[in-house]
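# Architecture and fold: a report
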Amino acid sequence: MLAVGAVAFVYTVVMAGGTLTIPLYVLWASQFGFGSLTTVVVFIAYVVGVVGTLLVAGSLSDAVGRRPVLALSLALTALSTVGFALADGLTVLLISRVLSGVATGLITATATSAIAELVRGRRTAAVLSTAANVGGLSLGVVAAGVLAQCVTAPTHTVFWCYLATCAVAGVFWLVIPETAVPSADGTAGRSVRWQPRIRRPVLPDGASRVRSFVASGVLVAASSGVNGFFSSLAPAFLRDDLGVSNFAVIGVGVGTLFISALLAQTVTPAALVRRGIGTALLAVGMIVIEAALWTHSAPLFIVGTVFAGAAVGTLLRHGLSVTDALCHPGNRAELTATYFLFLYSGLVVPVLVLGLADQAVGTRASSTMLAALVVSTALVGLALGRRTEPASTPDTFSRPSTHRTPVEENHE
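Residues numbered from 1 in each chain as written. Predicted model: local features only at pLDDT ≥ 70, side-chain atom pairs only at ≥ 80, totals over all residues. Heavy atoms only, no water.

### Thoughts on the overall build of the protein
When its secondary structure is counted, the protein shows 15 helices and 0 strands. Expressed as a percentage of the 412 residues in the protein, the buried residues total 58%. In the protein, once contacts between residues fewer than 6 apart in sequence are set aside, the share between residues at least 24 apart is 84%. Carbon and sulfur atoms form 68% of the exposed surface of the protein, whose accessible area is close to 15,000 Å². (Helix = DSSP H or I, 4+ residues; strand = E, 2+ residues; numbered from the N terminus. Buried < 20%, exposed > 50% of the residue type's maximum accessible area, 1.4 Å probe, protein only. Contact = heavy atoms within 4.5 Å. Areas by Shrake-Rupley, 256 points an atom, 1.4 Å probe, with all protein chains shown as cover.)

### Topic: the packing of helix H6 (residues 90–118) against helix H14 (residues 332–361)
It is at 9 Å that the axes of H6 and H14 come closest, and there the two elements cross at 130°. As the angle between them shows, H6 and H14 are arranged oblique. Of the two elements, H6 crosses H14, and the hand of that crossing is right-handed. Contact with H6, carried on its side by Thr104, Thr108, Ala109, Thr112, Ser113, Ala116 and Glu117, involves Arg332, Ala333, Thr336, Ala337, Phe340 and Tyr344 of H14 and no other residues of that element. In terms of residue class, the contact of H6 with H14 is made up of 6 nonpolar, 5 polar and 2 charged. (Axes fitted to C-alpha atoms, helices over the stretch in contact; angles between N-to-C directions. Parallel < 35°, antiparallel > 145°, perpendicular 65-115°, else oblique. Left-handed = near helix turned anticlockwise from the far one by under 90°. Nonpolar A, V, L, I, M, F, W, Y, C, P; charged D, E, K, R; others polar.)

### Things to note about the packing of helix H9 (residues 207–232) against helix H11 (residues 247–267)
Packing of H9 against H11 leaves a shortest axis separation of 10 Å and a crossing angle of 155°. With respect to each other, H9 and H11 are oriented roughly antiparallel. As for the relative orientation of H9 and H11, their crossing is left-handed in sense. Between H9, through Val226, Asn227, Phe230 and Ser231, and H11, the contact on the second element is made entirely by Gly253, Val254, Leu257 and Phe258. Taken together, the residues of the contact of H9 with H11 sort by class into 5 nonpolar, 3 polar and no charged.

### A short note on the nonpolar core
Soluble globular proteins tend to bury their nonpolar side chains together. Core analysis: the largest hydrophobic core is formed by 110 residues, its most contacted members being Phe230, Val254, Phe301 and Tyr344. When near neighbours in sequence (up to four residues on either side) are disregarded, Val254 contacts Ile22, Val141, Phe230, Ala234, Pro235 and Leu238. (Core = buried A, V, L, I, M, F, W, Y, C linked by side-chain atoms within 4.5 Å.)

### Some remarks on H14
With 30 residues, H14 extends 44 Å between its outermost C-alpha atoms, agreeing within 8% with the 44 Å of an ideal straight helix rising 1.5 Å per residue. Just beyond H14, the residue with positive phi is Gly362, at close to 100°. (Expected span 1.5 Å × (residues − 1).)

### So, helix H2 (residues 25–32)
For an α-helix, 3.6 residues make a turn, and residues three or four places apart therefore share a direction. Every buried residue belonging to H2 is among Tyr25, Val26, Leu27, Trp28 and Ala29, and all of these are buried. Gly33 sits one or two residues past H2 and shows a positive phi near 70°.

### Considering the side chain of Thr112
Among the secondary structure elements, Thr112 is positioned in helix H6. On the basis of relative accessible area, Thr112 is assigned to the buried category, the value being 9%. In this view, Thr112 contacts Tyr11, Ile107, Ser129, Leu320, Thr336 and Phe340; residues no more than four positions away in its chain are not counted.

### What about empty space enclosed by the protein?
This structure, assessed with the given rule, holds 4 cavities of 30 Å³ or more. In this structure, the largest cavity occupies an estimated 200 Å³ of space. The wall of the largest cavity is formed by 19 residues, among which Leu137, Asn227, Leu343, Tyr344 and Leu347 lie closest to the centre. Ranked by the residues each element gives to the lining of the largest cavity, the list is headed by H9, at 5 residues. Classifying every residue of the lining of the largest cavity gives 11 nonpolar, 7 polar and 1 charged. Considered as a void within the structure, the second largest cavity measures approximately 120 Å³ in volume. Considering the residues around the second largest cavity, the lining is formed by 14 residues, among which Thr112, Ala116, Ser129, Leu320 and Asp324 are closest to the centre. Secondary-structure elements contributing two or more residues to the lining of the second largest cavity are H6, helix H7 (122–150), helix H13 (298–326) and H14. A per-class count over the lining of the second largest cavity returns 5 nonpolar, 6 polar and 3 charged. (1 Å grid on protein atoms, 1.4 Å probe; cavity = no way out; pocket = protein on both sides within 12 Å on 5 of 7 lines; lining within 4 Å. Points joined across faces, edges and corners; volume = space filled by probe spheres on them.)

### Points about the pattern of salt bridges
Summed over the entire model, instances satisfying the criterion amount to 3 salt bridges. Residue Asp62 is joined to Arg66 by a salt bridge in which the shortest nitrogen-to-oxygen separation is 2.9 Å. By relative accessible area, Asp62 is classed as buried at 4%. Using a relative accessible area of 1% as the deciding quantity, one classes Arg66 as buried. With its nearest N and O atoms 2.8 Å apart, the salt bridge here joins Asp240 to Arg239. What makes Asp240 exposed here is its relative accessible area of 52%. Owing to a relative accessible area of 36%, Arg239 belongs among the partly exposed residues under this scheme. Each of Asp62, Arg66 and Glu117 takes part in salt bridges that share partners, so that together they form one network. (Salt bridge = Lys/Arg side-chain N within 4 Å of Asp/Glu carboxyl O.)

### Examining the packing of aromatic side chains
A full pass over the atoms with the stated rule returns 12 aromatic pairs. On the basis of an interplanar angle of 70° and a centroid distance of 5.7 Å, the ring pair of Tyr339 and Phe340 is categorised as edge-to-face. Overall, Tyr339 belongs to the buried group, its relative accessible area being 0%. Here the aromatic cluster, defined as three or more aromatic residues joined through ring pairs, consists of Tyr25, Trp28, Phe84 and Phe159. Its end group placed over the ring of Trp173, Arg67 keeps NZ or CZ at 4.2 Å from the ring centre. (Phe/Tyr/Trp six-rings, centres within 6.5 Å; stacked < 30°, edge-to-face > 60°. Lys NZ or Arg CZ within 6 Å of the ring centre and 35° of its normal.)

Okay, here's the thing in structure tokens:
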């Protein structure tokens, strides 16, 4: 139990580093003189780091073991934190965001796999993994917002405080055991030697399984469009369009998305963790958020955020359960990395479109375009998975996953 808690804590801390910057973008924009499009570019630098790492090193922990990759991720997080704390211009911000993205790319597949290997029961493992992932995201943005409001020099102080948290996570790492399947020579990971190269994303065996996996990936990519908006331009929208200037309120407002997602993952009955429910919540959330931006209503914005966050949590948990059901121990991190490729790739296009459109046609029209893109993508994912949705969601199973798990054989 201590080992599971240690992995979850390290995972949470690294993920928190990915959202610490959100409430601070408006301060950096003022200090360094950049606008919404540059803010999007800084955010995309993070996504580039994540996606590039998943493509090149997504299966690294299958070969060298979980512990070394967890340590590397934590070290890169600390290095990027120092960069943020000392940043004196846009170049340092971009480099630090890339490093933070690399750390996230390393830890997502690795920590998720380690938790699945330490915990018996697919549902429990999925809940713990998603709770650590999204819980870290919510803690990061809320803590940064509160600190930014309470301390002097927030663009420096926030990161020095976080660096101390990274040091604590390093202590927790010491008690984490190696969980990767031993290779033929007795070492962690596969007997095949890992080499740094761009790898083709892997898919499960069988047409029905591939379709279900891709459907879950497309849906989580759609929900990532919402994450991207809240992780990049939402603070500026709250300040400029809804009149919110308090950093703590901005942090809590953005954090509401992640908190709602966390609650959806941890308290929602397994029977309700379904693609159709997640898609419906996403559509409602985007419509209400749009209504809030058009009517300049902060309370309505929070209501929409709650619905959108519940959708993010539901779709993420469902997708992780499907992924775990379709993998076998030898490629757990590799298939999980492919799933997270869907997730983080879904951040790029919607946010880039939003940044470009915001400068060209304004906030209202650009946000409407984003909502349409997110909902239409989710509908595509729902259509792909319509004939492969299991009668029971994968996380209702409690036995360990095997290579031939008949998750996708039962249809609605």
